[in-house]
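One letter stands for each residue in the lines below.
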Amino acid sequence: MSPSKRGPSVSRSRLAAVGVLAMALGVAVPARARDGGAQVGPQGVVTLDELLARFRSIPGLFARYREDKHIALLAEPIVSEGTVHYAPPRRMARHTRTPSPSHVVLDAEALRFSDGTTTRQIDVGASPVVRALAESFLDVLAGDRAGLERSFVVDFHAGGANRATSWRLALVPRTPALLAVLTEIDFDGDGLVVSRMRIREASGDEGVTTFSDVDVAHRYSPEEAARTFRVDP
Amino acid sequence: MLAALALYVQAKLVVRSDITDFLPEGPDRRVSQLLRQLAESEIARTMILSVEAPDTHAAAHASKALGDELARNPDIAWVRSGAGPGVQSAAHDLYFSRRSYFASDRPEQELSSRLSNEGLRASAAALKAALAGPLGPLVRAFAPADPLLLFQTRMDRLRAAQDDALHLEDEQLVSADGRHGVVFLGTRAGPFEAQAQARVVGAIDAAFDRVDRDAGGGLRLESTGVNRFNLAAQQSISDDIQRVSVVSTVGIVVLFLLVFRSVRYVALGLIPLVAGTVCAMAAGLALFGSIHGLTLVFGSSLIGVGIDYAEHYFVHYTVSRDGCDPETSLLRIWPGLVLGAITTVAGLVGLAWASFPGLREMAVFSTVGVLAALLSTRWLLPPFMPKKPKPVRLQQKLSQVLGRAMIAMMRSRRAVLLLPIAGLILCALGVPRVHWVDDVSALIAVDPALAAEDVRVQSRVQRADPGRFVAVVGRDDEEALAKNDEVVSRLRAAVSAGELETFHSVHDLVWSADLQRRSHVMFTRDPTLSTRFEAALADEGFVPSAFRSLGESYAAAGPGPLTLEDLRQSPLADFVRPFRVAAGSDVALVTTLGGVRDLATIAARLGDLHDVFVLDQRAFLQDAYGRIRTRTLEMIAVGLVVVFLIVHLRYRRVRLSLAAFLPAVLAVATTLALLALLGTPLNLMHLVGVLMVLSMGADYAIFVVESRDHPEELGATLVSLIVAMLSTVLSFGLLGMSRNPALAALGITAGLGTLLSVVFAPAALVLLRERPSE
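Residues numbered from 1 in each chain as written. Chains lettered and ligands numbered in written order. Predicted model: local features only at pLDDT ≥ 70, side-chain atom pairs only at ≥ 80, totals over all residues.

## Some words on the overall build of chain B
The helix and strand tally for chain B stands at 30 helices and 13 strands. Every one of the 774 residues in chain B was classed for burial, and the buried ones make up 53%. Long-range contacts, defined as pairs at least 24 residues apart, comprise 82% of the intrachain contacts of chain B with a sequence gap of at least 6. (Helix = DSSP H or I, 4+ residues; strand = E, 2+ residues; numbered from the N terminus. Buried ≥ 20, exposed ≤ 12 C-beta atoms within 10 Å, placed from the backbone. Contact = placed C-beta atoms within 7 Å.)

This is the structure we're talking about:
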């Protein structure tokens, strides 16, 4: 067993403490300003700005998901399934059906989550670490390039996999505090359909989420929105 | 000698406006001391600044810039506008290594259950859920060394302690609405050190102007702090002093010129005033180190008392036509002056027994001032009087008119009787309507705009009922923390019972060493704990070997319990400041209360704890002032008996003694009755005014009675009384228009009372004299 698996080093522990403390104190960690490099593909291939502009125009999103989370502390990966929802301008929900019901709702103000018995609320605006963890996917769907580049160096490639409309977006943390937690988040997609999200953690753990039944033209009626974007549905 | 004293005063003069001088001592001395210490503590030295900006980022940026600039100011001890990496690292260093010491503040109850097989399984399941949750990567970083998530729970407690009122943006504190950046700062000087606080407020304004300019305008600064209220009060008192001093001096000079037609008398009239004021200030500075603004105002009122002696002397000297030299003329009225001064001092010294240091200072100041004025009248005035006074027509005429009026009054005693009867009727109607208000706010003028700003700024920062708190006193930090642990436990029960909505305690940051050890020992005493926990982890699908052993994580002794001193020496010191107060050689820990339903039920919960005080500052002061008012009324009654005895020693005849004594008493009663009929609630400062009227009114009556056997002098005495009354009303009447409620109460009582004293004094002689001379 390597030392890193038995426990965090002091420096990593302290850096990660920034995240936990951020959750607890609402402490923000400054993101150093650095130019993120959005790659512009060859002519005829979608660029990051074009893709994000198209995301900004969608009326809403519905998808089913399956997440396989490989955590070294666990003998078996955690597999969870459920649905994800997005409604502009910045509302997102994830309702997990299995292995046990849980709910996560994220909006411009806070991240709320519930396991059916307890509910917690985190002020995401106060902490870039928490914001980055919670909002990376939301920033993609909201077409918020500035939001992405606040915490990550953005790497975008389009036109791979023999399809002009396919793309890969990789996000690498900018700050040591975030790097102490995350190594990379990357998304694979085709057109407006995000098919896969992979989160690689500093610990070596990895979570892969695959999406199906993706509906990028989903319009949430007020009633459905009220039902969907709450942690106690 | 006067010049030397004046130089001493000039060199040493420090004026203060500390309201704690009006906090009582006596039966509640401990509470009173505590309130006084709180009033000087770091809590009272803390200011809260709120910078409003168009958006959250701008608010955070502006508050950071303001905080950075103010941190360089030598008058400012500390500034906190956010929680930088230093704070975060310190929190990790202090708490992560002590996570088992802070596992539970009810260790025997909570940890027994949590460390049972069932509890451990629940913890393992909770860890798994947290790892799968949206913030799983953060949890993952700690999980191997803290599978029970004790550190995160501790940090959650810190978060909860903030009441959700403040958030951080770009490391800066911002209000919940995201539009106000918040800066806390502590001043080096106490909140009542007016000069230093004026510098601080000026520096804040200047720094904000620069920050606003750099931001291109659009920012708005609001702030609060005890110092701001104090500065406003001090400014108000200073303005009143200036106005009273200037206008009354001008008025009295004009009065002298009208009555005596000579600049010489104006100059000579100043001698008792200057002597009285200089001696009083020197005595005040020597005894108390500084002089309260209210004492100075009270002292400046001596202008109406000290000058009476000179006026009485001048009128007698200039009106009498018996060719006496200045010395002889003075000696003829000297017994009356001495008796007047003695009764004045007898009335004032009553204040010296009051439980308020401020009132004691007033008593000393005034007594010294009155005696110095009397002695300077005796020895400093005669040598400078003109050998042959020039008769003044106005005086002669007034003297004749008043002399004739007196004779007419003596002939129509029944008509004169109407005066006291009218006074008594007013008393009968008004005295039952007298309504005493003991609320301290009746003595302090609070600018409504400042009060509203205070409410706005406080509401952005924390939810707490102003002036309501629990104070725990211990011989040292540890003793105080141990009591505080118990207080918090009971306050939680109060919250559960709905008696209280919230409270903020240092308990969120640190517990007693004993409680921390009790928490830690729960992880060391069971040798099977590690094995049982590994089994629980395995049952939940974890790989136990991926975790540090429980002994390594939680049972190790580590750095030992966290102390208040550790926190005070760390970057978290600013978090502790609002809670800890040095109370002499003791330590007081303050817990603020928010949303109290009924303080009595809270007090009942904590009633059996030694040296734990549930304080409602306003109610305490109200109760204390009420008791002091009652005590002062009793002292006045005793003082009246003493004054009557002194007067009777002089006159030996009851009717004459009553003639010297009753006018002031009736004047006071009529004054209070009139105020009551006008719907004015009375407070302690009205009572101080009563004392002054009794003292001065007795002087007037004594001067009249002294002239009873010299009809040729009676007219002169009445002239001197009118001049004295006018000068008194000039000075006190102006005080009555003060914005400061305390000064206004004092002024209106003294002004109205002296006027009535002058009316009642000759009437009393007419009615009570045994053989009226015609």
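## So, the overall build of chain A
The number of helices and strands found in chain A is 7 helices and 11 strands. Pairs at least 24 apart in sequence give 52% of the contacts found in chain A among residues at least 6 apart.

## So, the environment of Lys 128 of chain B
All names here are of chain B. When you line up the elements, Lys 128 lands in helix α6 (residues 117–132). Judged by C-beta crowding, with 22 C-beta atoms within 10 Å, Lys 128 ranks as buried. Apart from the residues lying within four places of it in its own chain, the contact partners of Lys 128 are Glu 540 and Gly 541.

## Digging into the pairing of strand β6 (residues 119–122) of chain A
Of the pairings in the sheet, the one linking strand β5 (residues 111–114) of chain A to β6 of chain A comprises 4 bridges and is antiparallel in character. Looking at the pairing, Phe 113 of chain A lines up with Arg 120 of chain A of β6 of chain A. (Pairing = 2+ DSSP bridges.)

## Some points on the sheet that holds strand β2 (residues 78–87) of chain A
All names here are of chain A. The strand order across the open sheet formed by 11 strands is β6-β5-β4-β3-β2-β1-β11-β10-β9-β8-β7, and the pairing between neighbours is antiparallel. At either end of the open sheet lies a strand with only one pairing partner, and these are β6 and β7 (152–158). On average, each strand axis in the sheet is inclined to that of its neighbour by 15°, with strand direction left out of account. (Axes fitted to C-alpha atoms, helices over the stretch in contact; angles between N-to-C directions.)

## Remarks on unusual backbone geometry
Cis geometry marks the peptide bond from Pro 88 of chain A to Pro 89 of chain A, where omega comes out at 5°. The topology assignment puts Pro 89 of chain A in the loop between β2 and β3 (91–98). Omega for the bond connecting Thr 98 of chain A with Pro 99 of chain A falls within 30 degrees of zero, at 10°, which places this linkage in the cis form. One can find Pro 99 of chain A in the loop between β3 and β4 (102–106). The backbone phi angle of Arg 261 of chain B is positive, close to 55°, even though this residue is not glycine. Residue Arg 261 of chain B is classed as partly exposed on the basis of its 16 C-beta neighbours within 10 Å. Unlike most non-glycine residues, Asp 611 of chain B shows phi in positive territory, near 60°. Looking at Asp 611 of chain B, the number of C-beta atoms within 10 Å reads 17, which means it is partly exposed.

## Some thoughts on the nonpolar core
Counting residues in hydrophobic clusters, the biggest one holds 161 residues, and the most contacted among them are Leu 66, Val 470, Ala 471, Val 472 and Ala 588 of chain B. The biggest single contributor to this core is helix α4 (residues 128–141) of chain A, with 8 residues. Each residue touching Val 470 of chain B, except ones within four places of it in the same chain, is listed here: Val 487, Thr 591, Leu 593, Leu 606, Val 612, Phe 613 and Val 614 of chain B. One finds Ala 283, Ile 307, Leu 371 and Leu 721 of chain B within the second-largest nonpolar core, a separate group that totals 127 residues. (Core = buried A, V, L, I, M, F, W, Y, C linked by C-beta atoms within 7 Å.)

## Quick word on helix α20 (residues 513–521) of chain B
All names here are of chain B. Within α20, burial applies to Leu 515, Gln 516, Ser 519 and His 520. The arc that holds the buried residues of α20, viewed along the axis, is 135°, so those residues lie on one side. Looking at the buried positions of α20, the neighbouring elements they touch are α5 (107–114) and α19 (477–496). (Arc of directions from axis to C-beta.)

## Topic: helix α3 (residues 48–56) of chain A
For α3 of chain A, the set of buried residues is Leu 48, Leu 51, Leu 52 and Phe 55 of chain A. Mapping the buried residues of α3 of chain A onto a view down its axis gives an arc of 95°, with all of them on the same face.

## A look at the packing of helix α9 (residues 194–214) of chain B against helix α10 (residues 226–260) of chain B
Residues and elements named next belong to chain B. Direction vectors running N to C along α9 and α10 enclose 115°, while the axes themselves pass 10 Å from each other. Taken together, α9 and α10 sit at an angle that is classed as roughly perpendicular. The way α9 lies across α10 gives a crossing that is left-handed. Along the contact surface, α9 presents Ala 194, Gln 197, Ala 198, Val 200 and Val 201, while α10 presents Asn 227, Arg 228, Asn 230, Leu 231 and Gln 234. Per-class residue counts for the contact of α9 with α10 are 5 nonpolar, 4 polar and 1 charged. (Parallel < 35°, antiparallel > 145°, perpendicular 65-115°, else oblique. Left-handed = near helix turned anticlockwise from the far one by under 90°. Nonpolar A, V, L, I, M, F, W, Y, C, P; charged D, E, K, R; others polar.)

## Structural notes on the packing of α10 of chain B against helix α11 (residues 263–288) of chain B
Residue and element names in this part refer to chain B. Remark: α10 packs on α11, axes separated minimally by 8 Å, with the N-to-C direction vectors making an angle of 130°. Between α10 and α11, the crossing angle belongs to the class labelled oblique. When you trace α10 past α11, the crossing you get is right-handed. Here Val 253, Phe 256, Leu 257 and Phe 260 of α10 lie close against α11, whose contacting residues are Tyr 265, Val 266 and Gly 269. Across the contact of α10 with α11, the residue classes break down as 6 nonpolar, 1 polar and no charged.

## Let's talk about the confidence of the model for chain A
For chain A, mean pLDDT is 78; residues scoring 70 or higher make up 77% of the total. Summarising per-element confidence for chain A, the mean pLDDT is lowest in helix α1 (residues 3–6) of chain A (38) and highest in strand β1 (residues 61–70) of chain A (95). (pLDDT = per-residue confidence, 0-100.)

## Some remarks on the environment of Ser 151 of chain A
Residue and element names in this part refer to chain A. Counting through the fold element by element, Ser 151 comes out in helix α5 (residues 145–151). On the neighbour-count criterion, Ser 151 (27 C-beta atoms within 10 Å) is buried. Residues Ser 151 and Ala 132 lie 19 residues apart in sequence; the distance between their C-alpha atoms is 6.2 Å.

## Considering the environment of Val 461 of chain B
Residue and element names in this part refer to chain B. Position of Val 461 relative to the elements: it lies in helix α18 (residues 448–461). Owing to 20 C-beta atoms within 10 Å, Val 461 belongs among the buried residues under this scheme. Separated by 288 residues in sequence, Val 461 and Leu 173 place their C-alpha atoms 9.5 Å apart.

## Quick look at the confidence of the model for chain B
Low pLDDT marks regions whose predicted coordinates should not be analysed in detail. Per-residue pLDDT for chain B averages 83, and the proportion of residues at 70 or more is 90%. Two numbers describe this predicted complex: its pTM, 0.68, and its ipTM, 0.78.

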